[in-house]
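Tertiary structure, described
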Amino acid sequence: IHVLTPGSLVEIADARIQDLIPPALLQRWGVASQLVAPIALGGRVVGAICLAHGTRRGPFSNRERRLTQGIVHATALALASSSLIRDLRAANALRSEFVSTMSHELRTPLNVILGFAEMARDESLPEEERHDLLQRIEEAGRDLLHLIEDTLAMGRIESGRDRVELEPVALPELWERLRGDCARLPQKPAVTLDWGALGAAATLVTDARKLTIVMRNLVHNALKFTEAGWVRTHGVVTDDTFVLSVSDTGIGIDARDQTTVFEMFRQGDGSDTRRYGGTGLGLHIVQRYVEQLGGTVAVASAPGVGSRFTVTLPLSPRTT
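This write-up is about the structure you can find in this document.

Conventions adopted
Residues numbered from 1 in each chain as written. Predicted model: local features only at pLDDT ≥ 70, side-chain atom pairs only at ≥ 80, totals over all residues. Heavy atoms only, no water. Helix = DSSP H or I, 4+ residues; strand = E, 2+ residues; numbered from the N terminus. Buried < 20%, exposed > 50% of the residue type's maximum accessible area, 1.4 Å probe, protein only. Contact = heavy atoms within 4.5 Å. Areas by Shrake-Rupley, 256 points an atom, 1.4 Å probe, with all protein chains shown as cover. Pairing = 2+ DSSP bridges. Axes fitted to C-alpha atoms, helices over the stretch in contact; angles between N-to-C directions. Parallel < 35°, antiparallel > 145°, perpendicular 65-115°, else oblique. Left-handed = near helix turned anticlockwise from the far one by under 90°. Nonpolar A, V, L, I, M, F, W, Y, C, P; charged D, E, K, R; others polar. Core = buried A, V, L, I, M, F, W, Y, C linked by side-chain atoms within 4.5 Å.

All right, on to the overall build of the protein then. When its secondary structure is counted, the protein shows six helices and 10 strands. Evaluated residue by residue, the protein yields a buried proportion of 38% over its 320 residues. In the protein, the share of contacts with a sequence separation of at least 24, taken over all contacts with a separation of at least 6, comes to 67%. A total of about 18200 Å² of accessible surface is found on the protein, and carbon and sulfur atoms cover 55% of it.

Written as structure tokens, this is what we have:
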């Protein structure tokens, strides 16, 4: 059995006397002798070039072999260049979309802050309305801070400067700190944040800062995409793992988007007219941080029903 391997040549000196290809088929094609050279891309054979004589039989010359190998190398280079160009175009389109999205996301809270600050200067404004304006300014400021923190975190991850600092943490105290941190996130009046009690007390070896960002991003997303109903958190220790989840009654995620929801800059709606803001970094950071902590993150969702994100972490990770 002959197998095409990168860099090899398969020679059929006489099409009538060989067992690689049915002789009747080669005769129909008008092939008397043939030289087959595989095309390799990334160490894998992706095709082949076949050179043939219509009447001449016998071995191919060294010159014909060298010429065939040259054609194969040129073809492989062209295929690799074509693939690289496609990747570069996709990356360039993604970069342009991110710049456009980031500009839009920065402008929105800044306009809110400037507009409400100007309104709050009105000395005749009742104290209750002034307090409401200040609260809106604070919420826009937190949105802006969250956006900047996610962008900086992504920069540290991509540059390899984001180290993991593991230390033993008492879960009850950590769970309470997470509750206080997430309670300050903006939420709509018709949405209730229900912080579940921790199932059991245990010690978790983790990076508390990264885990805080993971939980905050998940809760922030749930609050943002939920117009009415609830956002619930749950934490439980099972055997040697800590499982935390964030559920909501929000808009949900379409099945075709659930496989890409953790990709960088990926959003269900990337247009400037979309209903919900964001840069598409939050869930990607969640996945990267959870992986650094030795865990996994999964999503279960249905449009119009809500979503549930589940993070599973080992109590004592072996690797970072």
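Right, let's talk about unusual backbone geometry for a bit. Positive phi, normally seen in glycine, also occurs at Asp-239, with a value near 55°. With respect to the secondary-structure elements, Asp-239 resides in the loop between strand S7 (229-238) and strand S8 (241-248). Relative accessible area serves as the criterion here: at 78%, Asp-239 is assigned to the exposed category.

Reading across the sheet, the three strands line up as S1-S2-S3 and stay open at both edges, with antiparallel pairing between neighbours. Pairing within the sheet leaves two strands with one partner each, and these edge strands are strand S1 (10-12) and strand S3 (44-53). Between one strand axis and the next, the sheet turns through 20° on average, direction left out of account. In the sheet, strand S2 (residues 33-41) pairs with S3 via nine bridges, with the strands oriented antiparallel. When the bridges of S3 are listed, Ala-37 appears paired with Ile-49.

Let us look at the packing of helix H4 (residues 171-183) against helix H5 (residues 208-224). In the contact formed by H4 and H5, the axes pass within 10 Å of each other and the chain directions differ by 45°. Considering their axes alone, H4 and H5 lie oblique with respect to each other. Two packed elements cross with a definite hand, and for H4 against H5 that hand is right-handed. Seen from H4, the contacting residues are Leu-174, Trp-175, Arg-177, Leu-178, Asp-181 and Cys-182; seen from H5, they are Ala-208, Leu-211, Thr-212, Met-215, Arg-216 and Val-219. The class makeup of the residues in the contact of H4 with H5 is eight nonpolar, one polar and three charged.

Membership of the largest hydrophobic core comes to 42 residues, with the highest contact counts inside it found for Leu-174, Met-215, Leu-218, Val-219 and Val-311. The dominant element in this core, judged by the number of residues it contributes, is H5, at nine residues. Among residues more than four places away in sequence, those in contact with Leu-174 are Val-169, Leu-204, Ala-208 and Leu-211. One finds Ala-37, Ile-39, Ile-49 and Val-72 within the second-largest nonpolar core, a separate group that totals five residues.

A separate point is the sheet that holds strand S5 (residues 191-198). Within the open sheet, the five strands sit side by side as S5-S7-S8-S10-S9. Their pairing is mixed. The open sheet is flanked by S5 and strand S9 (296-302), the only strands paired with a single partner. Neighbouring strand axes in the sheet, compared pairwise and without regard to direction, differ in orientation by 10° on average. Of the strand pairs in this sheet, S8 and strand S10 (residues 306-314) are connected by seven bridges, and their pairing is antiparallel. Considered in S10, the bridge of Leu-244 is made with Val-311. Relative to S5, H4 is tilted by about 175°, and along the sheet it contacts S5, S7 and S8. Its contacts with the sheet put helix H6 (residues 282-292) on S9 and S10, and the angle it makes with S9 is roughly 145°.

A few words now on the side chain of Ser-307. Checked against the element boundaries, Ser-307 lands in strand S10. Setting aside chain neighbours within four positions, we find Ser-307 in contact with Val-246, Ser-247, Asp-248, Gly-252, Ile-253, Ala-300 and Ser-301.

Because an α-helix packs 3.6 residues into every turn, residues spaced three or four apart end up facing the same way. Across the 11 residues of H6, eight count as buried, placing the element largely inside the fold. Along H6, the positions that sit buried rather than exposed are Gly-282, Leu-283, His-284, Ile-285, Val-286, Tyr-289, Val-290 and Gln-292. One or two steps after H6, the chain reaches Gly-294, where phi turns positive at roughly 80°.

Just distances and angles here, no functional claims.
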